[in-house]
Every structure is written in structure tokens, then in C-alpha cells.
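Topology and contacts: notes
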Amino acid sequence: MAPSTTADAPFGRMLTAMVTPFLPDGGVDYDGAARLATHLVEEQRHDGLVVNGTTGESPTTSDTEKERLLRAVVEAVGDRAVIVAGAGTNHTEHSLQLARQAEAAGAHGLLVVTPYYNKPPQEGLVRHFTAVADATGLPNMLYDIPGRAGVPIQGDTLRRLAEHPRIVAVKDAKADLFESSQVMAGTDLAFYSGDDLLNLAWLSVGAAGFVSVVGHVVGADLHEMIDAYRAGDVARALAIHRRLLPVVGAIMTRTQGAIAVKAALNLLGLPGGGAVRAPLVEAPPEFAARLREDLMMGGVKVPESSIPEVDR
């Protein structure tokens with residue numbers, strides 16, 4: 001396991017689901033991914049990165065691309081950050097293949113999303129997640145996101161899965177803080193906020209940390225929020241939360257996260273911006289102009305040279 005982990009935060013505390021940079025010809029920009037990963041770890045205080053997640057446009061990347069991307073990130077920052085590989089699909093056998101591939105590529109852990117579209121019953125979820133956890137020696141973080149998957153991982157299901165020695169955490173985008181509090185109280189599962197709108201709320205009920213999207217541009221601020229809250233300085237954590245509201249709203253509430261984050265990275269002149277793959281589409285100039293203003297309101301320093309044409 002890479003540094004920056006503890007028993008109650010097995011993947012670290014501040015993680016971001018990293019975008020996948022693409023070249024003008026549509027190929028994956030592996031060098032750009034390594035540069036972005038380095039920036040996030042060195043400049044944005046990331047304890048870990050999720051590679052090949054939804055924000056990384058994993059539905060549109062091939063298994064070969066996923067492996068090369070993971071190896072590039074592991075080589076760049078794997079000695080300084082926890083690298084978690086997205087390995088979940090709605091096909092159990094394919095998920096097992098991706099899990100084994102990720103382990104061979106040097107990942108420190110797996111993010112396994114609820115099987116989507118086919119809406120399996122809870123017993124099917126137990127069998128699916130157990131099979132993936134059995135496939136490697138890596139710790140697993142379950143990803144509970146019923147808005148995309150169509151079904152939640154119910155509390156009783158999580159309690160059953162918590163008995164598996166390699167199922168150690170949950171990335172929660174279900175937003176049921178009460179049920180999750182009950183699960184945390186009755187198991188050793190570490191919960192991570194998977195919804196940037198609720199990051200501070202998650203800390204208040206015992207979350208280990210965040211798997212963020214806005215962490216691409218305000219990761220250091222989010223790490224400071226975690227540190228302040230854990231040190232008992234709730235007022236400081238609240239002040240950071242309120243200052244970042246324009247940034248979170250701009251990136252998380254107006255379009256798909258990958259689109260908004262790539263637009264933000266473009267504005268900041270950072271690696272990782274640029275094209276998205278169909279069926280996603282690039283942010284229009286009007287979106288980028290408003291995004292620029294919201295980033296600045298949140299304290300993000302945006303270069304003057306990045307002003308979109310609509311502003312001029």
C-alpha cells in the first residue's frame with residue numbers, strides 16, 4: 001500500500017476521480033495523465049487518485065487504454081499516493097478481468113461500482129461484489145451511486161459485504177446520511193463522500209474523507225477542510241465549505257462532471273483539459289465564461305489569458 005493511509009482511512013483522505021486527457025486525434029494522452037497526476041499530488045495535496053472512474057470517461061475507454069493509463073499514473077505518483085483503479089462494470093466476469101488487470105498494473109486498490117442498467121437484486125450485488133473482492137489481493141471500495149446504477153446498495157447488503165476482509169470502504173453518492181451513519185456505526189467500513197455538494201456534511205457523520213471531482217482545482221482547500229474538521233476547528237471547515245460553494249455549484253450542478261472539470265482545467269492552463277469522447281460534448285464558451293467567474297469567486301486564481309471569447 002502507498003503512503004498516507006490509516007486504519008480508518010484505508011485509501012487516504014483526499015482523493016479525486018481523475019479525468020482522462022485525450023489527444024487531438026482522440027487517443028489517450030498518457031503523458032498528460034502523468035503530468036496531471038503529478039500536479040494533483042504535488043500542488044493539490046492529494047493522498048490518492050481514482051483512475052478509470054466515471055469522471056475518467058471509463059465507459060468510452062478500452063481495456064487496453066485503461067491498463068496503459070493506470071500504469072502511467074502509477075509510474076508517475078504511485079510511490080506518493082494511493083492509486084485506486086475503477087474496475088466495476090455491469091458484467092461480473094468483465095469486472096473480474098479488470099480487477100486482475102489493475103492489480104497487475106500496480107494499483108493499490110479497486111473502486112467497484114454497483115452494476116448499472118441491468119438493476120440486479122441485492123443478492124446479485126452481494127455475489128458480484130464478493131466475486132470481485134475474491135479476484136485479487138487488493139482492498140475494495142464499493143461505489144454506491146443509484147442515480148447512475150439504478151439500484152442502491154442497501155444497508156443490510158453493506159453489512160453483509162463488510163464481513164469480507166478486502167471490502168473496506170464505500171464511496172457514497174446515495175446521500176442517505178442516516179442509513180450510512182447506521183452502517184458506519186455497525187461495521188468497520190470507511191465511508192468517503194462521493195458527492196462534493198455534501199463533503200462537509202459527510203465529515204460531520206464520520207466519513208474518512210472525499211473522492212472528489214472539484215478536487216482537480218481545489219484539492220488543497222478540501223484537504224484543509226478535512227484537516228480543520230478533524231482538528232476540531234469546525235468554524236474553519238465551514239468557512240472553507242462556504243467559500244467553495246461557487247466552485248462546487250459550477251462544476252457539479254450544470255453539466256456532467258467530466259465536461260465541467262475539463263473546461264476548468266483548460267481555463268487554468270493545466271494538463272487534463274481538452275476533448276471529451278462522444279457521447280459527451282465540450283463545454284460551450286458561455287459555460288466556460290460563467291465557470292471562470294465562479295472559480296474566481298471561490299478563490300481560484302484564473303489566468304487572464306484564459307478569458308473565453310464570449311467575454312471579449
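Residues numbered from 1 in each chain as written. Predicted model: local features only at pLDDT ≥ 70, side-chain atom pairs only at ≥ 80, totals over all residues. Heavy atoms only, no water.

**Examining unusual backbone geometry**
In plain terms, the rule: Each helix is a run of H or I in the DSSP string that is no shorter than four residues. Each strand is a run of E no shorter than two, and both are numbered from the N terminus. Each residue is placed in one exposure class: buried if its accessible area under a 1.4 Å probe, protein chains only, is under 20% of its type's maximum, exposed if it is over 50%, and partly exposed if it falls in between.
With an omega of 15 degrees, the peptide bond running from Ala278 to Pro279 counts as cis. Inspection of the secondary structure assignment puts Pro279 in the loop between helix H12 (257–268) and helix H13 (285–297). Of note in the backbone geometry, Arg45 takes a positive phi value of approximately 60 degrees without being a glycine. Positionally, Arg45 belongs in the loop between helix H1 (30–42) and strand S2 (48–51). The phi dihedral of Glu57 is positive, around 55 degrees, even though this residue is not glycine. A relative accessible area of 2% means that Glu57 is categorised as buried.

**Some remarks on the pattern of salt bridges**
One side chain can pair with another of opposite charge once the charged atoms of both are near each other. Put simply, the test is: Salt bridges are defined by distance alone: a side-chain nitrogen of Lys or Arg within 4 Å of a carboxyl oxygen of Asp or Glu.
Counting across every chain of the model gives 19 salt bridges. Measuring nitrogen to oxygen at the nearest pair gives 2.9 Å for the salt bridge that ties Lys262 to Glu57. Here Lys262 is found in helix H12, whereas its partner Glu57 is found in the loop between S2 and helix H2 (63–77), with 205 residues between them in sequence. Per residue, the accessibility class of Lys262 equals that of Glu57, and both read buried. Here the salt bridges do not stand alone but share partners, grouping Asp8, Arg13 and Arg230 into one network.

**Considerations on the packing of aromatic side chains**
Selection rule: Pairs were defined over the aromatic rings of Phe, Tyr and Trp, the Trp ring being its six-membered one, requiring ring centres within 6.5 Å. Orientation was assigned from the angle between planes: stacked under 30 degrees, edge-to-face over 60, tilted for the rest.
Going through the model one piece at a time under the given rule, you end up with two aromatic pairs. Between Phe191 and Trp202, the aromatic rings sit 6.0 Å apart at their centres with planes inclined by 20 degrees, giving stacked as the arrangement. Of the two residues, Phe191 sits in strand S7 (residues 190–193) while Trp202 sits in helix H8 (residues 199–204), which places them 11 residues apart along the sequence. In terms of burial, Phe191 and Trp202 fall into one category: buried.

**Observations regarding the UniProt feature "site: Part of a proton relay during catalysis" (unreviewed entry) in the protein**
Stated formally: UniProt positions are given in the numbering used here, feature names are shortened, and annotations may be inferred rather than shown by experiment. With a 1 Å grid laid over protein atoms only, a set of points is called a cavity when a 1.4 Å probe fits there but cannot get out and a pocket when it is open yet has protein on both sides within 12 Å along at least five of seven lines; lining residues have an atom within 4 Å of a point. By definition in these notes, contact holds between two residues if any of their heavy atoms fall within 4.5 Å.
What UniProt calls "site: Part of a proton relay during catalysis" (unreviewed entry) maps, in this numbering, to Thr54 and Tyr117. Cross-referencing the annotated residues with the lining of the largest pocket gives Thr54. Take Thr54: it is sitting in the loop between S2 and H2. By relative accessible area, which is 25% here, Thr54 ends up partly exposed. Other than its neighbours up to four places away in sequence, Thr54 contacts Tyr143, Arg148 and Gln256. Relative to the assigned elements, Tyr117 resides in the loop between strand S4 (109–113) and helix H4 (122–135). Under the relative-accessibility criterion, Tyr117 is labelled exposed at 74%.

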